[in-house]
2 protein chains.
Amino acid sequence: MFRYPNGKPYQPKNTPKKKQQPSIVYSNRGMTLEEDLNETNKYYLENQLAVIHKKPTPVQIVNVDYPRRSAAVIKEAYFKQSSTTDYNGIYRGKYIDFEAKETKNKTSFPLQNFHSHQIEHMKSVINQNGICFVILSAFNDFYYLDATHLLVFWERQENGGRKSITMEEIKEKGHIIPIGYQARIDYLKIIDKLYF
Amino acid sequence: MFRYPNGKPYQPKNTPKKKQQPSIVYSNRGMTLEEDLNETNKYYLENQLAVIHKKPTPVQIVNVDYPRRSAAVIKEAYFKQSSTTDYNGIYRGKYIDFEAKETKNKTSFPLQNFHSHQIEHMKSVINQNGICFVILSAFNDFYYLDATHLLVFWERQENGGRKSITMEEIKEKGHIIPIGYQARIDYLKIIDKLYF
(Lines give C-alpha, C1' and ligand atoms only; values in the text may rest on other atoms or scores of the structure.)
Protein backbone atom coordinates (compact mmCIF):
# COMPACT_ATOMS: atom_id res chain seq x y z
CA MET A 1 0.00 0.00 0.00
CA PHE A 2 1.21 3.53 -0.70
CA ARG A 3 -0.09 6.90 0.34
CA TYR A 4 -1.03 9.97 -1.67
CA PRO A 5 0.99 13.17 -1.15
CA ASN A 6 -1.80 14.24 1.22
CA GLY A 7 -1.24 11.07 3.23
CA LYS A 8 -4.42 9.27 2.27
CA PRO A 9 -3.86 5.54 1.69
CA TYR A 10 -4.56 4.24 -1.80
CA GLN A 11 -6.87 1.22 -2.01
CA PRO A 12 -6.45 -0.34 -5.44
CA LYS A 13 -9.65 -1.23 -7.29
CA ASN A 14 -10.15 -4.72 -8.70
CA THR A 15 -10.54 -4.12 -12.41
CA PRO A 16 -7.43 -2.97 -14.31
CA LYS A 17 -9.63 -0.77 -16.49
CA LYS A 18 -10.91 1.22 -13.55
CA LYS A 19 -7.33 1.55 -12.38
CA GLN A 20 -6.74 3.83 -15.31
CA GLN A 21 -9.66 6.14 -14.62
CA PRO A 22 -8.61 9.47 -13.11
CA SER A 23 -11.52 9.80 -10.73
CA ILE A 24 -10.52 6.56 -9.04
CA VAL A 25 -7.04 7.89 -8.55
CA TYR A 26 -8.25 11.35 -7.66
CA SER A 27 -10.05 9.90 -4.68
CA ASN A 28 -10.40 6.34 -3.53
CA ARG A 29 -13.96 7.13 -2.49
CA GLY A 30 -16.85 9.14 -3.77
CA MET A 31 -16.73 8.21 -7.41
CA THR A 32 -20.47 7.77 -7.54
CA LEU A 33 -20.86 10.98 -5.63
CA GLU A 34 -18.71 12.77 -8.20
CA GLU A 35 -20.67 11.27 -11.09
CA ASP A 36 -23.98 12.22 -9.51
CA LEU A 37 -22.80 15.77 -8.93
CA ASN A 38 -21.52 16.04 -12.50
CA GLU A 39 -24.91 14.87 -13.75
CA THR A 40 -26.64 17.33 -11.44
CA ASN A 41 -24.47 20.21 -12.60
CA LYS A 42 -24.99 19.18 -16.20
CA TYR A 43 -28.74 19.36 -15.65
CA TYR A 44 -28.42 22.76 -13.94
CA LEU A 45 -26.34 24.07 -16.83
CA GLU A 46 -28.52 22.71 -19.62
CA ASN A 47 -31.58 24.24 -17.98
CA GLN A 48 -29.79 27.53 -17.30
CA LEU A 49 -30.42 27.14 -13.58
CA ALA A 50 -26.78 27.50 -12.55
CA VAL A 51 -23.28 27.36 -13.98
CA ILE A 52 -21.29 25.11 -11.67
CA HIS A 53 -18.36 22.95 -12.72
CA LYS A 54 -15.95 20.58 -11.08
CA LYS A 55 -12.40 21.85 -11.43
CA PRO A 56 -9.97 19.60 -13.29
CA THR A 57 -7.77 17.39 -11.15
CA PRO A 58 -4.56 19.35 -10.62
CA VAL A 59 -1.51 17.53 -11.94
CA GLN A 60 2.16 18.46 -11.88
CA ILE A 61 3.43 17.81 -15.37
CA VAL A 62 7.08 16.78 -15.47
CA ASN A 63 7.67 15.36 -18.91
CA VAL A 64 5.80 15.91 -22.18
CA ASP A 65 6.50 14.24 -25.50
CA TYR A 66 5.82 16.08 -28.76
CA PRO A 67 5.42 13.61 -31.58
CA ARG A 68 5.22 15.08 -35.08
CA ARG A 69 1.76 15.56 -36.57
CA SER A 70 -0.04 14.47 -33.41
CA ALA A 71 -1.03 15.79 -30.02
CA ALA A 72 1.40 16.20 -27.13
CA VAL A 73 1.67 13.19 -24.82
CA ILE A 74 2.24 13.69 -21.11
CA LYS A 75 4.76 11.00 -20.19
CA GLU A 76 5.29 11.83 -16.53
CA ALA A 77 3.01 13.71 -14.18
CA TYR A 78 1.88 13.55 -10.57
CA PHE A 79 -1.31 14.34 -8.74
CA LYS A 80 -1.18 17.59 -6.84
CA GLN A 81 -3.23 18.55 -3.84
CA SER A 82 -5.72 21.26 -4.74
CA SER A 83 -5.50 24.57 -2.90
CA THR A 84 -9.23 25.15 -3.32
CA THR A 85 -12.47 23.19 -3.25
CA ASP A 86 -13.46 21.02 -6.19
CA TYR A 87 -16.64 22.78 -7.28
CA ASN A 88 -17.49 26.40 -7.93
CA GLY A 89 -19.65 28.56 -10.10
CA ILE A 90 -22.60 30.92 -10.09
CA TYR A 91 -26.27 30.62 -9.18
CA ARG A 92 -28.71 33.53 -9.48
CA GLY A 93 -25.85 35.99 -9.35
CA LYS A 94 -24.27 34.47 -6.28
CA TYR A 95 -20.88 32.77 -6.10
CA ILE A 96 -21.16 29.08 -5.20
CA ASP A 97 -18.24 27.10 -3.79
CA PHE A 98 -18.28 23.63 -2.33
CA GLU A 99 -16.47 20.37 -1.68
CA ALA A 100 -18.09 16.92 -1.77
CA LYS A 101 -16.95 14.05 0.41
CA GLU A 102 -18.16 10.62 1.36
CA THR A 103 -17.77 8.38 4.36
CA LYS A 104 -18.64 4.78 5.09
CA ASN A 105 -18.54 5.50 8.81
CA LYS A 106 -21.80 4.74 10.55
CA THR A 107 -21.67 7.25 13.38
CA SER A 108 -19.42 10.18 12.40
CA PHE A 109 -17.75 12.05 9.54
CA PRO A 110 -13.94 12.16 9.76
CA LEU A 111 -12.49 15.65 9.33
CA GLN A 112 -9.45 14.18 7.60
CA ASN A 113 -11.64 14.25 4.49
CA PHE A 114 -10.69 17.91 4.30
CA HIS A 115 -7.27 19.51 4.31
CA SER A 116 -6.16 22.83 5.71
CA HIS A 117 -5.77 24.49 2.29
CA GLN A 118 -9.42 23.85 1.59
CA ILE A 119 -10.44 25.18 5.00
CA GLU A 120 -8.43 28.35 4.41
CA HIS A 121 -10.06 28.70 0.99
CA MET A 122 -13.52 28.36 2.54
CA LYS A 123 -12.71 31.10 5.05
CA SER A 124 -11.64 33.41 2.22
CA VAL A 125 -14.81 32.68 0.25
CA ILE A 126 -16.98 33.40 3.29
CA ASN A 127 -15.10 36.68 3.78
CA GLN A 128 -16.11 37.63 0.25
CA ASN A 129 -19.75 36.73 1.01
CA GLY A 130 -19.82 33.66 -1.18
CA ILE A 131 -22.09 30.69 -0.61
CA CYS A 132 -19.71 28.03 0.68
CA PHE A 133 -20.62 24.56 1.89
CA VAL A 134 -19.79 20.87 1.78
CA ILE A 135 -21.89 18.03 0.47
CA LEU A 136 -21.49 15.01 2.72
CA SER A 137 -22.49 11.56 1.57
CA ALA A 138 -23.00 9.80 4.87
CA PHE A 139 -25.49 7.74 6.89
CA ASN A 140 -27.41 6.84 3.69
CA ASP A 141 -28.15 10.47 2.89
CA PHE A 142 -26.61 13.49 1.20
CA TYR A 143 -26.17 16.40 3.58
CA TYR A 144 -25.64 20.07 2.84
CA LEU A 145 -23.45 21.48 5.60
CA ASP A 146 -22.69 25.18 5.47
CA ALA A 147 -18.95 25.92 5.65
CA THR A 148 -19.54 28.18 8.64
CA HIS A 149 -20.50 25.06 10.62
CA LEU A 150 -17.64 22.99 9.21
CA LEU A 151 -15.22 25.69 10.34
CA VAL A 152 -16.50 25.38 13.91
CA PHE A 153 -15.91 21.63 13.92
CA TRP A 154 -12.49 22.13 12.33
CA GLU A 155 -11.66 24.69 15.00
CA ARG A 156 -12.68 22.21 17.68
CA GLN A 157 -10.22 19.69 16.21
CA GLU A 158 -7.49 22.34 16.06
CA ASN A 159 -8.06 22.93 19.76
CA GLY A 160 -7.49 19.27 20.51
CA GLY A 161 -11.11 18.18 20.23
CA ARG A 162 -12.50 15.22 18.31
CA LYS A 163 -11.28 14.59 14.76
CA SER A 164 -14.75 14.02 13.35
CA ILE A 165 -18.27 15.44 13.16
CA THR A 166 -20.82 13.24 14.89
CA MET A 167 -23.90 12.06 13.01
CA GLU A 168 -26.04 13.99 15.48
CA GLU A 169 -24.14 17.20 14.75
CA ILE A 170 -24.53 16.71 11.01
CA LYS A 171 -28.24 16.00 11.34
CA GLU A 172 -28.63 19.10 13.51
CA LYS A 173 -26.51 21.61 11.53
CA GLY A 174 -26.86 20.06 8.07
CA HIS A 175 -29.74 19.77 5.62
CA ILE A 176 -30.69 16.57 3.84
CA ILE A 177 -30.46 17.19 0.09
CA PRO A 178 -33.50 16.00 -1.87
CA ILE A 179 -32.75 13.36 -4.51
CA GLY A 180 -34.15 14.10 -7.94
CA TYR A 181 -34.37 12.12 -11.15
CA GLN A 182 -32.53 14.67 -13.30
CA ALA A 183 -30.96 16.76 -10.56
CA ARG A 184 -29.76 13.68 -8.69
CA ILE A 185 -28.33 15.64 -5.76
CA ASP A 186 -30.53 18.71 -5.92
CA TYR A 187 -28.50 20.99 -3.64
CA LEU A 188 -29.87 24.19 -5.20
CA LYS A 189 -33.08 23.44 -3.30
CA ILE A 190 -31.20 23.93 -0.05
CA ILE A 191 -29.52 27.10 -1.30
CA ASP A 192 -32.94 28.48 -2.25
CA LYS A 193 -34.16 27.78 1.24
CA LEU A 194 -31.14 29.29 2.99
CA TYR A 195 -30.20 32.24 0.79
CA PHE A 196 -33.19 33.38 -1.28
CA MET B 1 4.66 20.96 -36.80
CA PHE B 2 1.63 19.43 -35.07
CA ARG B 3 -1.63 20.91 -33.94
CA TYR B 4 -3.38 20.88 -30.61
CA PRO B 5 -6.73 19.09 -30.35
CA ASN B 6 -8.29 22.55 -30.75
CA GLY B 7 -6.43 22.99 -34.02
CA LYS B 8 -3.90 25.53 -32.82
CA PRO B 9 -0.42 24.98 -34.23
CA TYR B 10 2.33 24.24 -31.73
CA GLN B 11 5.44 26.42 -32.03
CA PRO B 12 8.24 24.71 -30.10
CA LYS B 13 10.25 26.90 -27.75
CA ASN B 14 14.01 26.95 -27.96
CA THR B 15 15.09 25.64 -24.60
CA PRO B 16 14.42 21.93 -23.98
CA LYS B 17 13.68 22.75 -20.34
CA LYS B 18 10.84 25.07 -21.25
CA LYS B 19 9.51 22.35 -23.51
CA GLN B 20 8.61 20.40 -20.42
CA GLN B 21 6.68 23.16 -18.71
CA PRO B 22 2.92 22.69 -18.83
CA SER B 23 2.05 26.34 -19.40
CA ILE B 24 4.03 26.29 -22.62
CA VAL B 25 2.07 23.31 -23.79
CA TYR B 26 -1.20 24.65 -22.48
CA SER B 27 -0.79 27.66 -24.68
CA ASN B 28 2.04 28.60 -26.98
CA ARG B 29 1.49 32.22 -26.02
CA GLY B 30 0.74 34.22 -22.93
CA MET B 31 3.02 32.55 -20.43
CA THR B 32 4.09 35.86 -18.96
CA LEU B 33 0.48 36.91 -18.99
CA GLU B 34 -0.42 33.81 -16.97
CA GLU B 35 2.42 34.40 -14.51
CA ASP B 36 1.43 38.04 -14.07
CA LEU B 37 -2.19 37.09 -13.47
CA ASN B 38 -1.20 34.40 -10.98
CA GLU B 39 0.87 36.96 -9.11
CA THR B 40 -1.99 39.43 -9.24
CA ASN B 41 -4.49 36.87 -7.94
CA LYS B 42 -2.04 35.84 -5.23
CA TYR B 43 -1.84 39.45 -4.11
CA TYR B 44 -5.64 39.79 -4.18
CA LEU B 45 -5.99 36.63 -2.11
CA GLU B 46 -3.31 37.46 0.45
CA ASN B 47 -4.89 40.86 0.99
CA GLN B 48 -8.41 39.42 1.14
CA LEU B 49 -9.43 41.59 -1.81
CA ALA B 50 -10.74 38.74 -3.92
CA VAL B 51 -10.58 34.96 -4.25
CA ILE B 52 -9.77 34.22 -7.87
CA HIS B 53 -7.85 31.20 -9.11
CA LYS B 54 -6.74 29.81 -12.43
CA LYS B 55 -8.30 26.41 -13.02
CA PRO B 56 -5.88 23.52 -13.43
CA THR B 57 -5.09 22.53 -17.01
CA PRO B 58 -7.56 19.78 -17.88
CA VAL B 59 -5.82 16.54 -18.81
CA GLN B 60 -7.25 13.21 -19.91
CA ILE B 61 -5.45 10.60 -17.88
CA VAL B 62 -5.03 7.30 -19.73
CA ASN B 63 -2.45 5.34 -17.79
CA VAL B 64 -1.34 5.59 -14.18
CA ASP B 65 1.39 3.60 -12.50
CA TYR B 66 1.11 2.75 -8.80
CA PRO B 67 4.54 2.01 -7.41
CA ARG B 68 4.63 0.61 -3.88
CA ARG B 69 5.34 3.04 -1.06
CA SER B 70 5.31 6.09 -3.35
CA ALA B 71 2.91 8.40 -5.11
CA ALA B 72 1.03 7.44 -8.26
CA VAL B 73 2.78 8.32 -11.52
CA ILE B 74 0.75 9.37 -14.53
CA LYS B 75 2.43 7.59 -17.45
CA GLU B 76 0.13 8.65 -20.26
CA ALA B 77 -2.16 11.65 -20.44
CA TYR B 78 -3.32 14.20 -22.98
CA PHE B 79 -4.27 17.84 -22.84
CA LYS B 80 -8.00 18.39 -23.04
CA GLN B 81 -9.78 21.48 -24.25
CA SER B 82 -11.46 23.26 -21.37
CA SER B 83 -15.22 23.71 -21.50
CA THR B 84 -15.00 26.88 -19.45
CA THR B 85 -12.76 29.91 -19.05
CA ASP B 86 -9.46 29.64 -17.19
CA TYR B 87 -10.14 31.98 -14.28
CA ASN B 88 -13.01 32.35 -11.88
CA GLY B 89 -13.76 33.28 -8.32
CA ILE B 90 -15.44 35.87 -6.15
CA TYR B 91 -14.98 39.59 -5.55
CA ARG B 92 -17.11 41.57 -3.08
CA GLY B 93 -19.84 38.95 -3.27
CA LYS B 94 -19.94 38.88 -7.07
CA TYR B 95 -18.99 35.96 -9.27
CA ILE B 96 -15.97 36.73 -11.47
CA ASP B 97 -15.20 34.76 -14.62
CA PHE B 98 -12.64 35.53 -17.29
CA GLU B 99 -10.23 34.31 -19.92
CA ALA B 100 -6.84 35.84 -20.67
CA LYS B 101 -5.28 35.84 -24.13
CA GLU B 102 -2.38 37.46 -25.87
CA THR B 103 -1.61 38.45 -29.44
CA LYS B 104 1.48 39.69 -31.19
CA ASN B 105 -0.66 41.16 -33.97
CA LYS B 106 -0.17 44.88 -34.39
CA THR B 107 -3.60 45.87 -35.66
CA SER B 108 -6.20 43.35 -34.53
CA PHE B 109 -7.00 40.55 -32.07
CA PRO B 110 -7.77 37.18 -33.72
CA LEU B 111 -10.98 35.57 -32.46
CA GLN B 112 -9.41 32.13 -32.89
CA ASN B 113 -7.90 32.77 -29.47
CA PHE B 114 -11.30 31.69 -28.13
CA HIS B 115 -13.25 28.57 -28.83
CA SER B 116 -16.97 28.03 -28.99
CA HIS B 117 -17.17 26.18 -25.66
CA GLN B 118 -15.75 29.20 -23.91
CA ILE B 119 -18.16 31.53 -25.70
CA GLU B 120 -21.10 29.35 -24.66
CA HIS B 121 -19.80 29.35 -21.10
CA MET B 122 -19.58 33.14 -21.11
CA LYS B 123 -23.19 33.38 -22.30
CA SER B 124 -24.31 31.13 -19.44
CA VAL B 125 -22.38 33.18 -16.89
CA ILE B 126 -23.91 36.40 -18.19
CA ASN B 127 -27.36 34.81 -17.93
CA GLN B 128 -26.64 34.18 -14.26
CA ASN B 129 -25.59 37.83 -13.80
CA GLY B 130 -21.92 37.05 -13.32
CA ILE B 131 -19.12 39.47 -14.13
CA CYS B 132 -17.60 37.96 -17.27
CA PHE B 133 -14.81 39.42 -19.37
CA VAL B 134 -11.57 38.76 -21.19
CA ILE B 135 -8.15 40.20 -20.51
CA LEU B 136 -6.38 40.90 -23.78
CA SER B 137 -2.64 41.44 -23.93
CA ALA B 138 -2.28 43.37 -27.15
CA PHE B 139 -0.84 46.56 -28.66
CA ASN B 140 1.54 46.96 -25.68
CA ASP B 141 -1.32 47.15 -23.18
CA PHE B 142 -3.60 44.93 -21.16
CA TYR B 143 -7.25 45.45 -22.02
CA TYR B 144 -10.36 44.53 -20.07
CA LEU B 145 -13.09 43.68 -22.57
CA ASP B 146 -16.48 42.79 -21.19
CA ALA B 147 -17.78 39.47 -22.51
CA THR B 148 -20.94 41.19 -23.74
CA HIS B 149 -18.76 43.00 -26.28
CA LEU B 150 -16.77 39.91 -27.17
CA LEU B 151 -20.03 38.10 -27.92
CA VAL B 152 -20.98 40.78 -30.43
CA PHE B 153 -17.67 40.40 -32.28
CA TRP B 154 -18.02 36.61 -32.13
CA GLU B 155 -21.53 36.91 -33.56
CA ARG B 156 -20.21 39.07 -36.37
CA GLN B 157 -17.71 36.32 -37.23
CA GLU B 158 -20.48 33.68 -37.06
CA ASN B 159 -22.39 35.74 -39.59
CA GLY B 160 -19.47 35.70 -41.99
CA GLY B 161 -17.82 38.87 -40.79
CA ARG B 162 -14.17 39.43 -39.91
CA LYS B 163 -12.37 36.83 -37.80
CA SER B 164 -10.75 39.37 -35.51
CA ILE B 165 -11.43 42.43 -33.37
CA THR B 166 -9.75 45.55 -34.68
CA MET B 167 -7.46 47.57 -32.43
CA GLU B 168 -9.86 50.50 -32.75
CA GLU B 169 -12.76 48.35 -31.54
CA ILE B 170 -10.76 47.12 -28.55
CA LYS B 171 -9.68 50.65 -27.66
CA GLU B 172 -13.29 51.81 -27.94
CA LYS B 173 -15.08 48.96 -26.10
CA GLY B 174 -12.26 47.86 -23.82
CA HIS B 175 -10.59 49.42 -20.81
CA ILE B 176 -6.82 49.65 -20.35
CA ILE B 177 -5.92 47.82 -17.13
CA PRO B 178 -3.59 49.75 -14.83
CA ILE B 179 -0.26 48.06 -14.11
CA GLY B 180 0.64 47.81 -10.43
CA TYR B 181 3.74 46.73 -8.59
CA GLN B 182 2.03 44.06 -6.48
CA ALA B 183 -1.19 43.72 -8.46
CA ARG B 184 0.66 43.54 -11.77
CA ILE B 185 -2.49 43.46 -13.88
CA ASP B 186 -4.87 45.26 -11.57
CA TYR B 187 -8.15 44.32 -13.25
CA LEU B 188 -10.21 44.78 -10.08
CA LYS B 189 -9.79 48.52 -10.66
CA ILE B 190 -11.83 48.18 -13.85
CA ILE B 191 -14.46 46.01 -12.14
CA ASP B 192 -14.79 48.65 -9.41
CA LYS B 193 -15.37 51.28 -12.09
CA LEU B 194 -17.89 49.23 -14.05
CA TYR B 195 -19.82 47.33 -11.38
CA PHE B 196 -19.55 49.11 -8.02
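Note that the structure is predicted; figures quoted are calculated from it, not measured.

**Focus: helix 4 (residues 116-127) of chain B**
Here's step 1: Between its first and last C-alpha, helix 4 of chain B extends 17 Å over 12 residues, near the 16 Å set by a 1.5 Å rise per residue.
Here's step 2: Looking one or two places after helix 4 of chain B, you find N129 of chain B, whose phi comes out positive at around 65°.

**Some remarks on unusual backbone geometry**
Residue and element names in this part refer to chain A.
Here's step 1: The phi angle at N129 is positive, at roughly 65°, despite the residue not being glycine.
Here's step 2: Position of N129 among the secondary structure elements: in the loop between helix 4 (116-127) and strand 7 (131-138).
Here's step 3: On the accessibility criterion, N129 (60% relative accessible area) is exposed.

**Some details on the packing of aromatic side chains**
Here's step 1: Under the definition given, this model contains 21 aromatic pairs over all chains.
Here's step 2: Pairing Y87 of chain A with F98 of chain A gives two aromatic rings, centres 4.7 Å apart and planes at 0°, and the pair type is stacked. Taken together, the residues span a long stretch of sequence, with Y87 of chain A in strand 4 (residues 87-91) and F98 of chain A in strand 5 (residues 94-102) at a distance of 11 residues. With respect to burial, Y87 of chain A and F98 of chain A carry one shared label: buried.
Here's step 3: An angle of 85° between the planes, with centres 5.5 Å apart, marks the rings of Y91 of chain B and F196 of chain B as edge-to-face.

**What to know about the packing of helix 4 of chain A against helix 5 (residues 147-158) of chain A**
Between two packed helices, the angle of one axis relative to the other and the distance separating the axes together describe the packing.
Residues and elements named next belong to chain A.
Here's step 1: Their axes nearest at 10 Å, the elements helix 4 and helix 5 cross at an angle of 135°. In terms of orientation, helix 4 lies oblique with respect to helix 5. Crossing hand, helix 4 versus helix 5: left-handed. Residues S116, I119, M122, K123 and I126 of helix 4 form the contact with helix 5, whose participating residues are A147, T148, L150, L151 and W154.
Here's step 2: Its residues placed into classes, the contact of helix 4 with helix 5 shows 7 nonpolar, 2 polar and 1 charged.

**Thoughts on the interface of chain A and chain B**
Here's step 1: Listed per partner, the contact involves 54 residues of chain A and 54 residues of chain B.
Here's step 2: Interface area for chain A against chain B, summed over the two sides, is near 4400 Å², with a carbon-plus-sulfur share of 62%.
Here's step 3: Broken down by secondary-structure element, the contributors of at least two residues to the side of chain A that touches chain B are helix 2 (22-26), strand 1 (51-54), strand 2 (59-65), strand 3 (73-79), strand 4 and helix 4 of chain A.
Here's step 4: Sorting elements by how many residues they give to the side of chain A that touches chain B places strand 3 of chain A first, with 7 residues.
Here's step 5: Each residue belonging to the side of chain A that touches chain B can be placed in one class, and the counts come to 29 nonpolar, 17 polar and 8 charged.
Here's step 6: Where strand 3 of chain A and strand 3 (residues 73-79) of chain B come together, 4 bridges link them in antiparallel fashion. Opposite A77 of chain A, over in strand 3 of chain B, you have I74 of chain B as the bridge partner.

**Brief notes about the UniProt feature "binding site: Mg(2+)" (unreviewed entry) in chain A**
Residues and elements named next belong to chain A.
Here's step 1: If you check UniProt for "binding site: Mg(2+)" (unreviewed entry), the listed places come out as T84, D86, E99 and Q118 in our numbering. Taken along the chain, the residues just named run across 35 residues; in space they keep tight, none of their C-alpha pairs more than 9.2 Å apart.
Here's step 2: Tracing the backbone shows D86 in the loop between strand 3 and strand 4.
Here's step 3: Note on placement: E99 falls in strand 5.
Here's step 4: Classification of E99 by relative accessible area gives buried; the value is 1%.
Here's step 5: Residues within four places of E99 in sequence aside, it is in contact with T84, T85, D86, F114, Q118, M122, F133, V134 and I135.
Here's step 6: Among the polar contacts listed, one links the side chain of E99 to the side chain of Q118, at a separation of 3.1 Å.

Reading guide: rules and limits
- Residues numbered from 1 in each chain as written.
- Chains lettered and ligands numbered in written order.
- Predicted model: local features only at pLDDT ≥ 70, side-chain atom pairs only at ≥ 80, totals over all residues.
- Heavy atoms only, no water.
- Helix = DSSP H or I, 4+ residues; strand = E, 2+ residues; numbered from the N terminus.
- Expected span 1.5 Å × (residues − 1).
- Buried < 20%, exposed > 50% of the residue type's maximum accessible area, 1.4 Å probe, protein only.
- Phe/Tyr/Trp six-rings, centres within 6.5 Å; stacked < 30°, edge-to-face > 60°.
- Axes fitted to C-alpha atoms, helices over the stretch in contact; angles between N-to-C directions.
- Parallel < 35°, antiparallel > 145°, perpendicular 65-115°, else oblique.
- Left-handed = near helix turned anticlockwise from the far one by under 90°.
- Contact = heavy atoms within 4.5 Å.
- Nonpolar A, V, L, I, M, F, W, Y, C, P; charged D, E, K, R; others polar.
- Buried area = accessible area lost by both parts, 1.4 Å probe.
- Pairing = 2+ DSSP bridges.
- UniProt positions renumbered as here; feature names shortened; annotations may be inferred.
- Polar contact = N/O pair within 3.5 Å; in protein donor to acceptor, adjacent residues only side chain to side chain.

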